[in-house]
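Observations on the three-dimensional arrangement
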Amino acid sequence: MKSIKDALDAVHAGARTILTLGIVLVILGILSLLAPWFSGLVVQAVVGFFMIGAGIAWTVFSFHAHSWDSGLWEGLVGILSVISGVIMLAHPLISMTVLTLVLAAYFISAGILRTVFAFRYKPLPGWESVLISGVMSILLGLLISYQWPFSGLWAIGTLVGIDLLFGGFSLIRIGSVSENVLKKITGR
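Let me begin by describing the structure that accompanies this report. Everything quoted here is computed from the prediction, not taken from an experiment. (Residues numbered from 1 in each chain as written. Predicted model: local features only at pLDDT ≥ 70, side-chain atom pairs only at ≥ 80, totals over all residues. Heavy atoms only, no water.)

1. Description of the nonpolar core
Residues Met88, Met96, Leu99, Leu103, Ala104, Phe107, Leu140, Ile144, Ala155, Ile156 and Leu159 constitute the largest nonpolar core, which totals 11 residues. Elements that contribute at least two residues to this core include exactly helix H4 (92-121), helix H5 (127-147) and helix H6 (155-186). In terms of residues, this core owes the most to one element, H4, which gives five residues. Setting aside residues up to four positions removed in sequence, Leu140 forms contacts with Phe107, Leu159, Ile162 and Asp163. (Core = buried A, V, L, I, M, F, W, Y, C linked by side-chain atoms within 4.5 Å. Buried < 20%, exposed > 50% of the residue type's maximum accessible area, 1.4 Å probe, protein only. Helix = DSSP H or I, 4+ residues; strand = E, 2+ residues; numbered from the N terminus. Contact = heavy atoms within 4.5 Å.)

The structure is reproduced here in structure tokens:
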């Protein structure tokens with residue numbers, strides 16, 4: 001059975017990890033805001049490469065299917081994923097416009113989840129920063145969908161940067177609160 005000291009050390013390590021992750025997210029958010037066009041291209045290129053990788057995996061998996069019929073469908077999904085990834089890499093402006101809609105859906109969904117999490121976390125200090133992060137994500141998602149398709153040129157990099165900043169600041173707040181509570185408990 002673990003001692004109380006081991007449990008407190010684990011809480012301390014977790015708080016430090018959350019704090020560090022928050023700082024990294026803030027730095028990435030600032031970089032994304034400084035170069036929104038570049039970060040938008042990076043995001044869409046990464047998604048394109050992931051689509052190609054997933055397509056290759058689906059195609060390879062299709063050769064191991066239990067029946068010819070299911071293998072055919074899995075192979076078609078794989079080929080479609082590869083083609084989609086190649087198109088994304090070949091036509092970055094169109095891809096960024098399409099990804100803008102996906103990004104809007106992501107922000108709205110993530111914002112709803114953060115808001116629900118904030119109310120579940122409510123009795124603890126720092127819950128309001130998670131709530132603010134969730135509400136901001138919902139508002140950002142609505143903003144991009146309102147200005148679409150023109151928002152495709154700037155939205156991905158800018159809004160990912162803003163979301164990273166708010167997410168990073170909320171993690172810094174949670175990590176700091178956890179550290180302060182731990183200091184009060186242990187006296188160190």
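2. Concerning the packing of aromatic side chains
Inspection of the entire model under this criterion finds three aromatic pairs. For the pair Tyr106 and Phe107, a centre-to-centre distance of 5.4 Å together with 50° between the ring planes defines the contact as tilted. Judged by centre distance (5.8 Å) and plane angle (45°), the ring pair of Phe119 and Trp127 falls under tilted. The class of Phe119 is partly exposed, set by a relative accessible area of 47%. Given a relative accessible area of 18%, Trp127 falls into the buried group. (Phe/Tyr/Trp six-rings, centres within 6.5 Å; stacked < 30°, edge-to-face > 60°.)

3. A closer look at the side chain of Thr100
Tracing the backbone shows Thr100 in helix H4. Polar side-chain contacts of Thr100 include one of 2.6 Å to the backbone oxygen of Met96. (Polar contact = N/O pair within 3.5 Å; in protein donor to acceptor, adjacent residues only side chain to side chain.)

4. Some remarks on the pattern of salt bridges
All chains considered together, the criterion is met by three salt bridges. Of the charged contacts, one joins Arg16 and Glu179 as a salt bridge, the two residues approaching to 3.5 Å between their closest N and O atoms. Residue Arg16 is located in helix H1 (residues 4-34), and its partner Glu179 is located in helix H6; the two are separated by 163 residues in the primary sequence. Judged by relative accessible area, which is 43%, Arg16 ranks as partly exposed. Close ionic contact of Asp163 with Arg114 constitutes a salt bridge, the shortest N to O distance being 3.0 Å. Residue Asp163 is found in helix H6, and its partner Arg114 is found in helix H4; the two are separated by 49 residues along the sequence. (Salt bridge = Lys/Arg side-chain N within 4 Å of Asp/Glu carboxyl O.)

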